[in-house]
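A structural walkthrough
If you want the building blocks of each chain, they are given just below.
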Amino acid sequence: GLAAIAVAWSILPGFAAMGPQTAQGRLVTEAPLWALPAAAGIYAFFQTAWWEELLFRGILARRLMEALGAWPGNLVQALLFTGLHNLLFALLAPGNPWAQLFVVALVLPTSVFNGWYIHQRDPDSFVGTWMVHAGANLGAIGAYALLLP
């Protein structure tokens, strides 16, 4: 979460030298107030959502749906996508089964929806699912920021 925001922060022009530092477990910086939301937006839209949607919905889901049929292929891509995110949360919150339950409860249905959307509504693009994914990332970043000590 914060590490990814720090990476996104560092790519904003002029902020690399000021980069975020931690003090007593909290993110502090001398950058303007708008910079952290801007970095979070870059991270949410481009660092993760675009690439994941290109891979999972733009390539993998389409191939699986062609090979296995619409619903079986969609379910396989959704399970793979959820598994990847579950692994990430297992690394970020080891020993916390609530994190894994959270991932399955939120990511799996969203992934199934995104697969259905590209199959039924927008087969030539993944922009719609990219926007859904980026919005979910922004929500997760906001929730994570609220949970900081």
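In this report, we go over the structure that sits alongside the text. (Residues numbered from 1 in each chain as written. Predicted model: local features only at pLDDT ≥ 70, side-chain atom pairs only at ≥ 80, totals over all residues. Heavy atoms only, no water.)

1. Remarks on the overall build of the protein chain
This is how the line gets drawn: The secondary structure listing takes helices from DSSP runs of H or I that are at least 4 residues long and strands from runs of E that are at least 2 residues long, numbered from the N terminus. The contact rule is simple, with two residues in contact once any of their heavy atoms fall within 4.5 Å. Computed with a 1.4 Å probe, the accessible areas rest on the Shrake-Rupley method; for each residue, only the protein chains presented here act as cover.
When its secondary structure is counted, the protein chain shows five helices and two strands. When the helices and strands of the protein chain are placed in sequence order, the string is α-β-β-α-α-α-α. Put simply, 63% of the contacts in the protein chain that link residues at least 6 apart link residues at least 24 apart. Surface accessibility of the protein chain: about 8,800 Å² in total, with carbon and sulfur atoms responsible for 72%.

2. Some points on the packing of aromatic side chains
This is how the line gets drawn: Between rings of Phe, Tyr and Trp, where Trp is taken as its six-membered ring, a pair exists when centres lie within 6.5 Å; planes separated by under 30 degrees are stacked, by over 60 edge-to-face, and by other angles tilted. By the criterion adopted, a ring carries a charge over it if an Arg CZ or a Lys NZ lies within 6 Å of its centre and within 35 degrees of its normal.
Counting across every chain of the model gives eight aromatic pairs. Counting every residue linked through ring pairs, the aromatic cluster contains Phe-45, Phe-46 and Trp-130. It is Arg-57 that lies over the ring of Phe-81; its NZ or CZ is 4.3 Å from the centre.

3. As for the pattern of salt bridges
In plain terms, the rule: Salt bridge criterion: a side-chain nitrogen from Lys or Arg within 4 Å of a carboxyl oxygen from Asp or Glu. Each residue is assigned to one of three classes by its accessible area relative to the maximum for its type, calculated with a 1.4 Å probe on protein chains only: buried under 20%, partly exposed between the two thresholds, exposed over 50%.
The full count for this structure, using the stated rule, is one salt bridge. Where Glu-53 meets Arg-57, a salt bridge forms, and the shortest distance between an N and an O atom there is 2.7 Å. Taken together, the residues Glu-53 and Arg-57, both in helix H2 (residues 35-68) and four residues apart, mark about one turn of the helix. Considered together, Glu-53 and Arg-57 belong to a single accessibility category, that of buried residues.

4. Focus: the side chain of Glu-52
What counts here: Note on charges: Lys and Arg go in the positive column, Asp and Glu in the negative column, and His and the chain ends are not counted at all. Identification of polar contacts relies on pairs of N or O atoms within 3.5 Å, with a donor-acceptor requirement for protein atoms, meaning one able to donate a hydrogen and the other able to accept it, and with residues adjacent in sequence counted only if both atoms are side-chain atoms.
Mapped onto the elements, Glu-52 comes out in helix H2. Here Glu-52 occupies a buried position and makes no salt bridge, while the nearest side chain of opposite charge, Arg-57, is found at 6.4 Å. Side-chain polar atoms of Glu-52 contact the side chain of His-85, separated by 3.2 Å.

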